[in-house]
Amino acid sequence: MRRKTAIFFFLTVIFMTLSGIVPVCYADTEKGDTTMEQLVITLDRMHNRCFAKWEKPSVSGGGEYTAILEAVDESGNEKEAIRTQVYYNSFDADHYVAYACQENGFPYRMRVKVEYYDGDQLVAEGVSDTFDPREVFPEKEVLEFGTDISLDAIRAFSWDSSGMSIEANWHMSAAHYGDDYVFYSSHPPKAEKEKKMKESEWDQLVSIIAKGRIERDYIRDPEMVELDGGGEGFAISWNDEEHENWQTYYVYTADAETEEELQKWLEAKDKGALGGLKFWSLVVPVFLGAVGAVITVIRSRA
């Protein structure tokens, strides 16, 4: 009887010991999951841009980063807006913010989340502070001259073309900085041209520009790879220190009559412009040489 009791007691102890192993192992697994390395994501918001960066995780191996833009509502609830794979410990989020807002509307706030995978296992992650996406990408689709943009704020206007041939690449522009008004053109392989303008000429150009308006451009999917192509169009810049980055997302538009008037104005200035430094580097030596020859002839006859 005592032997049976001893055997039963021994088996009971073994069973209790084995049953206790399972919770211990599970607790260790739970602990391993909760000690995932936290990445500290900082945002560089200079000029209202959005550039995220972080320190490399201590986990060794050739892992991969996934950067995720999350929309955050006023209650703090987050929702994934767009994601992409990045290969370095930084993420230029500007165009991703722009594309996400264009396609899905403007959320209350946004933030950047980064995940680091070692193979298929998530081993590190982190989130940035929230930011207002309207500071990165303009919410207003159309800007009018005289109200949204002062005519005095216009600084430069150009007409550009790019293509596969040399002749298809050219540039004509007029700019106003400080007290200087300058016209510049480039038509490879010809010499570049540069000419000072009068203030009245600049005012005439601005009066034509004011007939058009500024529209927010369509933002293409930043994940799409585009082949090099060509095109022709106008470009404009204006003084806006508060939202300098916005100009990247706007284009100048006008009706066909106004576009033709702008083209004729720039072409007329191009025809009347003299060559720049390259031109004068040839003219001055020839002029001085001619003067020297005249002086030599005069002295020989004296």
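Quick note: structure is the one above.
Residues numbered from 1 in each chain as written. Predicted model: local features only at pLDDT ≥ 70, side-chain atom pairs only at ≥ 80, totals over all residues. Heavy atoms only, no water.

(A) Local environment of the sheet that holds strand β4 (residues 64–72). Overall, mixed pairing links the 5 strands, which are arranged β1-β8-β7-β4-β5 in an open sheet. Two strands bound the open sheet, and with one partner strand each, they are β1 (37–38) and β5 (78–86). Two elements, β4 and strand β7 (residues 109–118), share 9 bridges in a ladder whose sense is antiparallel. Bridging from a neighbouring strand, Val72 pairs with Arg109 of β7. Relative to the sheet, helix α2 (residues 94–104) contacts β4, β5 and β7, its axis offset from that of β5 by approximately 140°. (Pairing = 2+ DSSP bridges. Helix = DSSP H or I, 4+ residues; strand = E, 2+ residues; numbered from the N terminus. Contact = heavy atoms within 4.5 Å. Axes fitted to C-alpha atoms, helices over the stretch in contact; angles between N-to-C directions.)

(B) Molecular detail of the packing of aromatic side chains. Summed over the entire model, instances satisfying the criterion amount to 13 aromatic pairs. Residues Phe145 and Tyr252 carry aromatic rings whose centres are separated by 6.2 Å and whose planes lie at 50° to one another, so their mutual orientation is tilted. With a gap of 107 residues between them, Phe145 in the loop between β9 (142–143) and β10 (154–162) and Tyr252 in strand β16 (residues 250–253) connect regions that are remote in the sequence. By relative accessible area, which is 13% here, Phe145 ends up buried. A relative accessible area of 7% means that Tyr252 is categorised as buried. Considering the side-chain rings of Trp159 and Phe234, the 6.2 Å spacing of their centres and the 35° angle between planes classify their relative orientation as tilted. Placement of the pair is Trp159 in strand β10 and Phe234 in strand β15 (residues 231–238), with a sequence separation of 75 residues. (Phe/Tyr/Trp six-rings, centres within 6.5 Å; stacked < 30°, edge-to-face > 60°. Buried < 20%, exposed > 50% of the residue type's maximum accessible area, 1.4 Å probe, protein only.)

(C) Quick look at the environment of Leu143. The topology assignment puts Leu143 in strand β9. Expressed as a C-alpha distance, the spacing of Leu143 and Gly212, which sit 69 residues apart in the sequence, is 9.9 Å.

(D) Structural context of the packing of helix α3 (residues 199–209) against helix α4 (residues 256–272). Contact geometry for α3 and α4: axes closest at 9 Å, N-to-C directions at 160°. The angle between the axes of α3 and α4 places the two elements in the roughly antiparallel class. Crossing hand, α3 versus α4: left-handed. Along the contact surface, α3 presents Glu201, Gln204, Leu205, Ile208 and Ile209, while α4 presents Thr258, Glu261, Leu262, Trp265 and Lys269. (Parallel < 35°, antiparallel > 145°, perpendicular 65-115°, else oblique. Left-handed = near helix turned anticlockwise from the far one by under 90°.)

(E) Just a negative patch on the surface, in detail. Judged by side-chain charge, Asp152, Asp179, Asp180, Glu199 and Asp203 come together as a negatively charged surface patch. Relative to the assigned elements, Asp152 resides in the loop between β9 and β10. Assessed through its relative accessible area of 66%, Asp152 is described here as exposed. (Patch = residues over 30% accessible without salt bridge, like charges linked within 9 Å, V, L, I, M, F, W, Y side chains within 5 Å. Areas by Shrake-Rupley, 256 points an atom, 1.4 Å probe, with all protein chains shown as cover. Salt bridge = Lys/Arg side-chain N within 4 Å of Asp/Glu carboxyl O. Lys, Arg positive; Asp, Glu negative; His and termini not counted. Charge placed at Lys NZ, Arg CZ, Asp CG, Glu CD.)

(F) Highlighting the nonpolar core. One finds Trp54, Leu69, Phe91, Val97 and Phe131 to be the most contacted residues of the largest nonpolar core, which totals 30 residues. If you tally residues by element for this core, the top one is α2, at 6 residues. Contacts of Phe91, omitting those with residues within four sequence positions, involve Cys50, Phe51, Ala52, Trp54, Ala67, Thr84, Val86, Tyr96 and Val112. Among the nonpolar cores identified, the runner-up in size contains 29 residues, and Leu143, Ile149, Met197 and Ala273 belong to it. (Core = buried A, V, L, I, M, F, W, Y, C linked by side-chain atoms within 4.5 Å.)

(G) Main features of the pattern of salt bridges. Counted by the stated rule, this structure contains 17 salt bridges. Two residues, Asp132 and Arg134, come together in a salt bridge whose shortest N-O distance is 3.0 Å. When its relative accessible area of 25% is taken as the criterion, Arg134 is described as partly exposed. The partner of Glu141 in a salt bridge is Arg216, and the shortest N-O contact between them spans 3.7 Å. Taken as a pair, Glu141 in the loop between β8 (121–127) and β9 and Arg216 in strand β14 (residues 213–216) lie far apart in primary sequence, 75 residues in all. On the basis of relative accessibility, which here comes to 18%, the residue Arg216 falls in the buried class. Through salt bridges with shared partners, a single network forms among Arg49, Asp92 and Asp94.

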